[in-house]
Structures are given as C-alpha cells and as structure tokens.
Amino acid sequence: MTETRNAALDSTTPMEAPHTAGGNSVDRFYKPSDEIVEQANVTAYMRSKGFQTYEELYNWSIANLQEFWTDQARELSWFEPWQKVLDDSQAPFYKWFVGAKTNIVYNAIDRHVNTWRRNKLALIWEGEDGSQRTFSYHTLNREVSRIANVLKSMGVRKGDIVTIYLPRIPELPLTMLACAKIGAAHSVVYGGFSVEALADRIDDAGSKVLITADGGYMRGKIIELKKIADEAMARTPTLQTCIVVKHTGHEVTMENTRDLWLHDLLSLPIASPVCPTEPVDAEDTLFILYTSGTTGRPKGVVHTHGGYMVGTYTTLKFVFDLKEEDRWWCAADPGWITGHSYIVYSPLVAGATSFMYEGAPNYPYPDRWWSLIARHAITVLYTAPTAIRGLMRFGEAWPNRHDLSSLRLLGTVGEPINPEAWRWYHRVIGGERCPIMDTWWQTETGHFMITPTPITPLKPGSATRAFLGIDVDVVHEDGSPCAANEDGLLVVKQPWPGMMRTILNDPERYVTTYWDKEPAGMYTVGDSARKDDDGYIWIIGRLDDVIKVSGYRLGTAEVESALVSHPAVAEAAAIGLPHEVKGNAIHAFVILREGFAGSPHLEDELKAHVGHEMGPIARPEKIDFVASLPKTRSGKIMRRVLKAQALGQDVGDISTLEA
Ligand code: WTA
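Residues numbered from 1 in each chain as written. Predicted model: local features only at pLDDT ≥ 70, side-chain atom pairs only at ≥ 80, totals over all residues. Heavy atoms only, no water.

Colleague: Explain the site of the ligand here, please?
Modeller: Contacts to the ligand come from 17 residues, most closely from Asp438, Thr439, Thr443, Arg542 and Arg553. Between the ligand and Gln442 there is a distance of 2.9 Å, counted from an oxygen atom to a side-chain nitrogen or oxygen. Within the side chain of Thr443, an N or O atom sits 2.6 Å from an oxygen atom of the ligand. Across the complex, the protein chains shield 96% of the 530 Å² of accessible surface that the ligand would expose by itself. Sorting the residues of the shell around the ligand by element identifies α12 (337-349), β22 (436-439) and β27 (537-542) as the ones contributing at least two each. Looking at the shell around the ligand residue by residue, the classes come out as 6 nonpolar, 5 polar and 6 charged. (Near = heavy atom within 4 Å. Polar contact = N/O pair within 3.5 Å; in protein donor to acceptor, adjacent residues only side chain to side chain. Areas by Shrake-Rupley, 256 points an atom, 1.4 Å probe, with all protein chains shown as cover. Helix = DSSP H or I, 4+ residues; strand = E, 2+ residues; numbered from the N terminus. Nonpolar A, V, L, I, M, F, W, Y, C, P; charged D, E, K, R; others polar.)

This is the structure we're talking about:
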C-alpha cells in the first residue's frame, strides 16, 4: 500500500475546473495511479464477478440489485438467515433481509472478539487537552457490556428509545453500542444543540432515560451540557432517569431521585463485563436520528439493524477501501449521521481502527489536526468542506510543518465542495497522491449514495456517480430524465438497504415528504442537481427550507420557532446566504411585537436567545427588523423572495405573492 504514495496523478488536459459546483465544462480528470487501482477492494470484487470495468460492474449491480446486496450481506454474521432479500409489498415501506435475525453490535464487536482482532485497537481517542484513551476490541466489548448491564438493570428494554446528549468522548459510541446491544434504540442529540432542540427530541421520542455529561470542552472552554439538560428535562414529562458521565469534573447540580453518575453505576455488581448480545430482527429499530425538514418539528428518521449494517459496511469497504492496517479518521461528530454511520458502526463492523478527536480543529493552534494525523499515523481522513475551508485560511505553513505521508485517501461530505478547496485539500494535505472521495448522501439514506471509489477518475466539485446498487437519476417533475447539463431533481429510483424506514410517530409524513411528491414513486431527495456530458453528477443545492451551516443541517422552521419564542418577536423568517467558510450562514428577518423597537442591542439579544434555545450553530449571522414579510396568499412566507432580495437578484415569479 505504501508504494502507492508517490504515484503521480495524471491530468488528461491542462484545463482548469470551474470554481462553482454545477459546472458542466470540466475537462480535467484526476486519475488514480495504477497502484491505487490494483490494490483497491472494489477492483478485487470487480474481478471476482468477471468484469473488466467499473461501468460493467455498476450496470450489473443495478440489474441484479438483490444479488449485489446479498454478496455483501454474506460477509457478515446473522443468527438466522433471511427468507427474502427485499420485500416491496408495502412500498414505500420497504423491508430488507426479511426474517433474518442479527444485531449490528454482534458484527461490530462480538465477531471480532472471537478472532485475533480482540487485541487490535478499535478506538483511539484524543481529548482537546491532549489526554488519550484507547480501546481494543476486547476492552470495547467489556466497557459496552458493563454499560449495557446498567441500562438493563434500569429496565431499559427493546422498544425503548434512550436519548444520548454527550460531547465527543468515548462514552458517546460506548452508550450507543450498549443500547443497540440490548435491542433498545438510541436517539443521539448533537452536543452543540441546546435546550429547546434537546427537549423537543426527548419529547418526540418519549425517552425515559437520558445519558449526558457534566460538560464538554470546546476551545478550552466548558460547554455546560448538564445545565442545558436540566433545563430541557424541566420541559419533558416522560423523562425519569438521567445518567451523567463525569468528564470535565466541574460542579453540577444532581437531582436526588433522577440523576445518577455513570461511574457510580459502573462500580455496582450489576455492571458485569459480560452481557450477551440480544438477537434482533433485521428490521428492528437501531436508532432514531432527528433531522430538519421543510416544515414544523424535526423528523425522527428511523434506521434498522440489518439493512443499515450491510449498506454502511459495504460503502466504507469499497469507497474508503479500508484495509486491516488502516487508521481511519472520520472527523464528524458522532451526533450526526456521518458519525453514526462512519465513526461508530461501519468501521467497527469492518474491524477497523478508528480515531476520534474531541475538540476544535484549530485548538490550541491551527495545526492541531495535522499534528494528530502525523502523531497517530492516520491513513484515511474524512471531513467536511467547511473544515477544509476553515483550515485553508490559516495557510500552508501549518500543515507543511507535519509529516502527512501516512495519508493515502481523503474524503469529504455535507455540501458541495468548491474546486478551490478541493484542490488545496488534494495538493497540500494529500500531497497530490491521495484521491478525494466526495460522498453525497443524507441522514435519510443512511450511507453513501453518489460517490467515487478509489478507481474513479475525479473532477473537483462533483461527487461523480452513483455507488454500486444505487439507482439515482436527475429528472424533470414528470419523472422523465433530464438531458446532459440540464438542471433537475435528484431522485433514487430503486430501494437500497440503509434507507430510512419511516419517520417516528408519523409514517404519513414519510410518504408525503419523500415519495408522494412529483415525480411520484421515486425517492425525492430534496436536492437539485445536473449531470454533465460524462454522466458526472453535480449537486446544486437544496430545494426546500433546509440550510446547511458548516455542513450541519438546520431547518428554517426551527430557527424561526426559536426566534418567535422571544417576547419581542411577532414573526420571523430565516434564510441561508452564502458564507466563505461556513458554506451558508443564517440571515433572519424579524417583525417585532407592539412596543418593541429594533436596535443593535436587541439584535444581539435575539442571536443569543437562538443560541440558547437551539445551540450555537443556529445563531443567526445577521438579523434585520422589518415591517412585513413576503407571503403567498395562503400565508406562507416566501423565503425564496427574501433570498433573492438579499442577494440583489431578480425575485422571479411572485404571482402567488400576497397582494
Ligand atoms: C447535502 C449528511 C453536495 C445535500 C451526510 C444533502 C451534499 C444534505 C454532499 C444531507 C456532497 C451531503 N455534495 N451536497 N458530497 N453531502 N450534501 O442529512 O444537500 O446532514 O441533501 O447528511 O447535505 O444532509 P445530512
């Protein structure tokens, strides 16, 4: 593998890529070296199926969807085999590996503990203060089992949803795995969210147990998670027990009958390091993850054990090409889907060594990440465009101080990557030898959908083409395919194993949001896209009211609801405007109640209020006080008009605007 590192990348033409995603005249391909192609997992699979090119393999995988996914599922352990690979009789409520019994935790931990991998490192963690904790598969098994026994002793069972609200510390994956091990579902709420966001999610899930910590570190400061949780718990009647991880050690209030320290529970005899993994149905719920949508409250996206396990494992294996000796670093937060799928579950299922870092990329200096790569000999790095752009600003001298030669592959996710950031990442971080896997997917899809593999010729800014077994297209509203270079709707035309199964408590909304819209019968993604002459897909952006701030997905509705919960605010509208580092920043428009007047002071107060209710990522960059908002005759705020006005663009068709 190391021999591949100096291989020169071949540029077929000297033409430059355009600077915006969505371009269609890119003639410059970055081709992988022969060495990379030769050693890739996907090459081995392609040859084992008797194909010479990826194109042939892809076409076969779409025509033989079930055989493709069955090949992958056979590499994993099942307590009982499936009777049917795919059940589409109640579409769009698809079922995968029907009748099979398994548990993703059995595949993530138990099956490795029975092999030489018991002594392999599963997880290496570094805290912001430089402290380190490591877990072999054996110690991971013990720690997860101990927590699982604690949860069991509290009566947590299959069918329960445990809410987890933790900083980026090992207890986050440990508690997720402990829930799944006993067949309970988890609902992780991102540690950067705040009171209202947490309370809403606990409420919707009906959680009786919350797992949190005293606090977490971010840039040397303590984020007071327990204090936020206390406020949220006061608003949630279902909650009975709060388990608290001691991390920062600062003083917190513990309520006598409700709050328990995890370390106290783990010192009890019930916390034995042996806990059998519960066999569950392939279609049993593994987790709920809330995500923002077009309207109203966040949606509880439901994922299950079997299909999700097969989908995440297969994509990691072929896209990031994981080998036994790799050190994989997915720098996302486990509280988002990227972390669920590619920090917690699939790397463990693949038996890999995963690295996790607690803090900010530029703390205490802008080379923190680069020093981590050198010190831990990271071989594959997966991050978001916003982080790349943020670190790029500090200049090349910071990464150049460190030996990054261990890297062999890079990745990005969350939003379109601008070609300038792509090329910087490729040249400065990847030393021009590491292909970049630009992976397009969603909370709802569970795993990568449009992505290169290491053997794909790349174009900066394009996530290239659909993954094996994934049938995506760009179409008109009537479902007919768009011509090359024509903008259209991104859709998925056939089911895939890691797809969401429903929205918790709202199956109706699952159907109307994703399946009933034009074009009917296809999964509508909510993104617009275009295919170029080579069939490469360029994501243009969201068609709905989702704003991607630093790659984090926020709904305008949630930000607006936080704003109107302030006594001065009568009405609010939020939009996303382009931002150099964050991709998008939130810009809010507010109509004040009688008796209040707009001022810089009130603007600051409202920003702080949103930060307190939703979390720092949702804090608007700018708030404008306005007398009215553009609305349709039915009273819907036309955010499109606000956006066009803010950008100084033509406002387009406003025939439905209120007179
Ligand atoms: C956007 C994150 C362009 C897209 C895994 C999608 C991307 C939404 C990419 C899902 C990419 C994600 N290129 N856009 N590589 N990856 N997106 O649910 O708009 O947080 O619909 O999942 O992010 O966001 P989510």
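Colleague: Is there a simple way to think about the environment of Glu283 in this case?
Modeller: Inspection of the secondary structure assignment puts Glu283 in the loop between β15 (280-281) and β16 (285-291). Contacts of Glu283, omitting those with residues within four sequence positions, involve Tyr94, Lys95, Trp96, Thr304 and Arg501. There is a polar contact of 2.8 Å between the side chain of Glu283 and the backbone nitrogen of Trp96. (Contact = heavy atoms within 4.5 Å.)

Colleague: How do you make sense of the pairing of strand β30 (residues 569-579) when you look at a structure like this?
Modeller: A regular strand places its side chains so that they alternate between the two faces of the sheet. Relative to strand β31 (residues 583-592), β30 runs antiparallel, the two sharing 10 bridges. Note that in β31 the partner of Glu571 across the bridge is Ile591. Linkage of β30 to β31, two consecutive antiparallel strands, is achieved through a turn of 3 residues. (Pairing = 2+ DSSP bridges.)

Colleague: Hey, could you run me through the nonpolar core in this one?
Modeller: The nonpolar side chains of soluble globular proteins are, as a tendency, buried together. Of all hydrophobic cores here, the largest spans 123 residues; its most connected members are Trp78, Phe97, Phe320 and Tyr345. Counting residues in each nonpolar core, the second largest holds 43 residues, with Ala232, Cys242, Val244 and Trp336 among its members. (Core = buried A, V, L, I, M, F, W, Y, C linked by side-chain atoms within 4.5 Å. Buried < 20%, exposed > 50% of the residue type's maximum accessible area, 1.4 Å probe, protein only.)

Colleague: I keep staring at the pairing of strand β21 (residues 409-413) and nothing clicks. Help me out?
Modeller: Counting buried positions over the 5 residues of β21 gives 5, a clear majority of the element. In β21, alternate side chains face the same way, and those of Leu409, Gly411 and Val413 on one face and Leu410 and Thr412 on the other are all buried. Looking at chain direction, strand β20 (residues 380-383) and β21 are connected through 4 bridges and run parallel. Each bridged residue has a counterpart across the sheet, and for Thr383 the counterpart in β21 is Thr412. With 4 bridges connecting them, β21 and β22 associate as parallel partners.

Colleague: Got a minute to help me understand the packing of aromatic side chains in this structure?
Modeller: One pair of aromatic rings is described through two measures. These are the centre distance and the angle between the planes. Counted according to the given criterion, the structure contains 39 aromatic pairs. Measuring from ring centre to ring centre gives 5.3 Å for Trp78 and Phe97, while their planes differ by 45°; the resulting arrangement is tilted. With Trp78 in the loop between α4 (65-73) and β3 (84-87) and Phe97 in strand β4 (residues 95-98), this pair connects stretches of sequence that are 19 residues apart. Of the two residues examined, Trp78 and Phe97, each falls in the buried class. (Phe/Tyr/Trp six-rings, centres within 6.5 Å; stacked < 30°, edge-to-face > 60°.)

Colleague: I would appreciate a short explanation of the confidence of the model for the protein chain in the present structure.
Modeller: For residues with low pLDDT, the predicted coordinates do not support detailed interpretation. Looking at the protein chain, pLDDT values average 93 and 94% of them are 70 or higher. Ignoring residues within four places in sequence, the model shows residues 1-26, a span with pLDDT below 50, making 65 contacts including any to other chains. (pLDDT = per-residue confidence, 0-100.)

Colleague: It is not clear to me how helix α9 (residues 225-233) should be interpreted in this structure. Could you clarify?
Modeller: Each turn of an α-helix holds 3.6 residues, which means side chains three or four residues apart point in the same direction. Of all 9 residues that make up α9, 7 are buried, and the element is covered over most of its length. Of the residues making up α9, those classed as buried are Leu225, Lys226, Ile228, Ala229, Asp230, Ala232 and Met233.

Colleague: Teacher, can you tell me more about the sheet that holds β27 here?
Modeller: With antiparallel pairing, the 4 strands of this open sheet are ordered in space as β23-β24-β26-β27. The outermost strands of the open sheet, each flanked by one partner alone, are β23 (472-475) and β27. For this sheet, the mean inter-axis angle between neighbouring strands, taken without regard to orientation, is 45°. As paired strands, strand β26 (residues 523-531) and β27 are joined by 5 bridges and run antiparallel to one another. Looking at β27, one finds that Arg530 is bridged to Trp538. (Axes fitted to C-alpha atoms, helices over the stretch in contact; angles between N-to-C directions.)

Colleague: Help me understand the sheet that holds strand β18 (residues 327-330) in this model?
Modeller: Backbone hydrogen bonds are what pair the strands of a sheet, in a parallel or an antiparallel way. Strand order in the open sheet formed by 7 strands is β7-β6-β19-β18-β20-β21-β22, with mixed pairing between adjacent strands. Of all strands in the sheet, those with a lone pairing partner are β7 (132-136) and β22, marking the two edges. Each adjacent strand pair in this sheet contributes to an overall mean axis angle of 15°, direction not counted. Across the sheet, helix α6 (residues 137-153) lies against β6 (121-126) and β7, angled at about 95° from β7, the strand it touches most. Along the sheet, helix α16 (residues 419-429) makes contact with β20, β21 and β22, crossing β21 at roughly 155°.

Colleague: Looking at this structure, how should I read the environment of Tyr510?
Modeller: Take Tyr510: it is sitting in helix α17 (residues 507-514). Sequence separation of Tyr510 and Lys636 is 126 residues, and the distance between their C-alpha atoms is 22 Å. Setting aside residues no more than four positions away along its own chain, Tyr510 makes contact with Pro92, Phe93, Met499, Met500, Arg501, Thr502, Ile503 and Trp515.

Colleague: I would appreciate a short explanation of the pattern of salt bridges in the present structure.
Modeller: Close approach of charged atoms allows side chains with opposite charge to pair. Counted under the stated rule, the structure contains 43 salt bridges. The closest approach of N and O atoms between Glu255 and Arg258, which form a salt bridge, is 3.8 Å. With relative accessibility at 42%, the residue Glu255 sits in the partly exposed group. Residue Arg258 is classed as buried on the basis of its relative accessible area, which comes to 13%. (Salt bridge = Lys/Arg side-chain N within 4 Å of Asp/Glu carboxyl O.)

Colleague: Teacher, can you tell me more about unusual backbone geometry here?
Modeller: Leave glycine aside and you will find that most residues have negative phi; peptide bonds, for their part, are mostly trans. Between Tyr363 and Pro364 the backbone carries a cis peptide bond, its omega angle lying at -5°. For Pro364, the position within the fold is in the loop between β19 (353-357) and α13 (368-376). Glu518 connects to Pro519 through a cis peptide bond whose omega is -10°. Among the structural elements, Pro519 can be located in the loop between α17 and β26. Although it is not a glycine, Asp321 adopts a positive phi angle of roughly 55°. Here Asp321 is to be found in the loop between α11 (305-319) and β18. At Ser550, a position not held by glycine, the phi torsion is positive, near 50°.

Colleague: What am I meant to see in the packing of α4 against α11 here?
Modeller: Geometry of a packed helix pair, given as the angle between the helix axes and the separation of the axes. Packing of α4 against α11 brings their axes to within 10 Å, and their N-to-C directions diverge by 85°. By the angle class used here, α4 and α11 are roughly perpendicular. Residues Phe68, Trp69, Gln72 and Ala73 of α4 touch α11, and the partners they reach there are Val310, Gly311, Tyr313, Thr314, Lys317 and Phe318. Classifying every residue of the contact of α4 with α11 by side-chain character gives 6 nonpolar, 3 polar and 1 charged. (Parallel < 35°, antiparallel > 145°, perpendicular 65-115°, else oblique.)

Colleague: Looking at this model, I keep getting lost on helix α19 (residues 600-613). Mind explaining?
Modeller: Along its 14 residues, α19 runs 20 Å from first to last C-alpha, staying within 8% of the 20 Å computed at 1.5 Å per residue. Those residues of α19 that fall on the buried side of the exposure criterion are Leu602, Glu603, Leu606, Lys607, His609, Val610, Gly611 and Glu613. Where the residues of α19 are buried, they touch α8 (195-205), α18 (556-564), β30, β31 and β32 (622-625). Note on α19: the residue one or two positions beyond its end, Gly615, has a positive phi of about 125°. (Expected span 1.5 Å × (residues − 1).)

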